[in-house]
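Residues per chain are reported as follows:
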Amino acid sequence: MPLKVEFLGTGGAITTPVPGCECRLCTQAREKGVPYSRAGPSLFVHGPDVLIDTPEEISYQLNRSSVRRISACFYSHWHPDHVMGRRVWEMNKDWRGWPRRNSCTDVYIPEHVARDFRERLGTWEHLAFLEAQGLVRLVELSEGEVVRSGATEIRPIRLAESYAYAFLFAETSKRLLVVPDELLGWEPSADLQGVDLAVLPMGIVEFDPFSGDRRIHQDHWLLRSEATFRQTLAIVEKLQAKRVVLTHIEEPDGLSYDDLRRLEDLLREDGLSIRFAFDTLVAEV
Ligand SMILES: [Zn+2]
Ligand SMILES: [Zn+2]
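Values in this document were obtained by computation on a predicted structure and should not be read as measured data. (Residues numbered from 1 in each chain as written. Chains lettered and ligands numbered in written order. Predicted model: local features only at pLDDT ≥ 70, side-chain atom pairs only at ≥ 80, totals over all residues. Heavy atoms only, no water.)

(A) Main features of the overall build of the protein chain. For the protein chain, the count of helices and strands is eight helices and 14 strands. Computed over its C-alpha atoms, the radius of gyration of the protein chain comes to 19 Å, within 12% of the 19 Å expected for a compact globule of 285 residues. Taking the principal axes of the C-alpha coordinates as reference, the protein chain spans close to 65 × 45 × 35 Å. Burial analysis of the protein chain (285 residues in total) assigns 55% to the buried set. Within the protein chain, contacts between residues at least 6 apart in sequence are counted, and of these 65% link residues at least 24 apart. Put simply, the protein chain shows about 13100 Å² of open surface, and 48% of that area lies on carbon and sulfur atoms. Placing the 34 positive and 44 negative side-chain charges of the protein chain at their respective mean positions leaves the two points 5 Å apart. (Helix = DSSP H or I, 4+ residues; strand = E, 2+ residues; numbered from the N terminus. Rg over C-alpha atoms; globule rule 2.2 N^0.38 Å. Buried < 20%, exposed > 50% of the residue type's maximum accessible area, 1.4 Å probe, protein only. Contact = heavy atoms within 4.5 Å. Areas by Shrake-Rupley, 256 points an atom, 1.4 Å probe, with all protein chains shown as cover. Lys, Arg positive; Asp, Glu negative; His and termini not counted. Charge placed at Lys NZ, Arg CZ, Asp CG, Glu CD.)

Written as structure tokens, this is what we have:
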């Protein structure tokens, strides 16, 4: 089966709509739903059937998706928007049969993520609780270790924000790069150049992409912890991927589905072929 990415959720730490928010974006998302609404950051790679990250809406996201079988999950980093749906693994539990016939999913955790999971948000404690019930099998990956799933090799890549990882999916003729979040300061290595599809976080919209007006104060702490949209575009130029899809789109950045379509046109005029993801989008690699 060819590699395919299904975007389960394309919001960032702040999903759309925000409860109680009456802004243009949230009102529209509440009325129209997908593609205007955005749930937490998660995607599924068809082929190896790998899930990346579990935001709190993951059960709902999986139910509306075309995903039927998850062979493994990889976690990119410890941040709450990427892990808080951990209870999804209870779907493996046989609640009524006796003796129990649970299913079990392999959960891969890169070394530094495992370290953070032990110290942050009780994530390791919770995953170990699920493992003790036989619902997941936790696999810590040491630096440089790759995972093979059928015809696909999956390589975690540590980012400049060294607590977070990207993942390279490689088959004989196709390569898919997924960076779920945390692009700040990253210089893609030469061997990543020319991947068939790169999925990257959009970054913070420091300047209005249409008017060029500054939208965030230059001293704002956010600009020291997150890559901006302009920095993301610079990384896109370096990567020279055949196709690029941007995701992890934050509600406070104020760009609706229609605005992003307009931005796609504007970028195309500049010679950049970039798509913005929306929930339920499926992209072939
Ligand atoms: Zn995030
Ligand atoms: Zn809003």
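After presenting the structure, the write-up continues.
(B) Structural view of the coordination of the zinc ion (ligand 1). Every protein donor of the zinc ion (ligand 1) is listed here as Asp81 (OD), His82 (NE2), Asp181 (OD) and His248 (NE2), and their distances to the metal cover 2.0 to 2.2 Å. Bound by four donor atoms, the zinc ion (ligand 1) shows angles of 86 to 158 degrees at the metal and therefore irregular coordination geometry. Mapped onto the sequence, the residues coordinating the zinc ion (ligand 1) show the spacing D-H-x98-D-x66-H. Of the two residues, aspartate 81 sits in helix H3 (residues 80-83) while aspartate 181 sits in the loop between strand S10 (175-178) and strand S11 (197-201), which places them 100 residues apart along the sequence. Owing to a relative accessible area of 11%, aspartate 81 belongs among the buried residues under this scheme. (Donors = N, O, S within 2.8 Å, 3.2 Å for Na, K, Ca; no water. Tetrahedral: all angles 85-135°; square planar, octahedral: opposite > 155°, others 65-115°.)

(C) A look at the side chain of glutamate 182. Along the chain, the position of glutamate 182 falls in the loop between S10 and S11. Buried and unpaired, glutamate 182 has arginine 120 as its nearest opposite-charge partner, separated by 11 Å. Side chain to side chain, glutamate 182 and tyrosine 163 meet in a polar contact 3.0 Å long. (Salt bridge = Lys/Arg side-chain N within 4 Å of Asp/Glu carboxyl O. Polar contact = N/O pair within 3.5 Å; in protein donor to acceptor, adjacent residues only side chain to side chain.)

(D) Just the coordination of the zinc ion (ligand 2), in detail. In this structure, Cys21 (SG), Cys23 (SG), Cys26 (SG) and Glu251 (OE) serve as the protein donors to the zinc ion (ligand 2), at separations of 2.0 to 2.3 Å. Coordination at the zinc ion (ligand 2) is tetrahedral: its four donor atoms span angles of 100 to 122 degrees at the metal. All donors to the zinc ion (ligand 2) come from one chain, and their sequence spacing reads C-x1-C-x2-C-x224-E. Taken together, the positions of cysteine 26 in helix H1 (residues 24-32) and glutamate 251 in the loop between strand S12 (243-247) and helix H8 (257-269) put the pair 225 residues apart, joining distant regions of the chain. According to the relative accessible area criterion, cysteine 26 is buried, its value standing at 0%. Taking relative accessible area as the criterion, glutamate 251 reaches 10% and is therefore assigned buried.

(E) Up close: the sheet that holds strand S13 (residues 274-276). Strand order in this open sheet of seven strands is S7-S8-S9-S10-S11-S12-S13, and the pairing throughout is mixed. The open sheet terminates on both sides in strands that have one partner only, identified here as strand S7 (147-149) and S13. Across the sheet, the mean angle from the axis of one strand to that of its neighbour is 20 degrees, orientation sign disregarded. Note: S11 against S12, five bridges, orientation parallel. Looking at S12, one finds that leucine 200 is bridged to leucine 246. (Pairing = 2+ DSSP bridges. Axes fitted to C-alpha atoms, helices over the stretch in contact; angles between N-to-C directions.)

(F) Inspection of unusual backbone geometry at higher detail. At the junction of valine 34 and proline 35, the peptide bond is cis and its omega measures out at 5 degrees in the coordinates. The residue proline 35 is located in the loop between H1 and strand S2 (42-46) in this model. Of note, the amide linkage connecting tryptophan 98 to proline 99 takes the cis form, showing an omega dihedral of -5 degrees. Inspection of the secondary structure puts proline 99 in the loop between H3 and strand S5 (105-110). Of note, the phi angle at histidine 248 is positive, near 55 degrees, even though the residue is not glycine. When you line up the elements, histidine 248 lands in the loop between S12 and H8.

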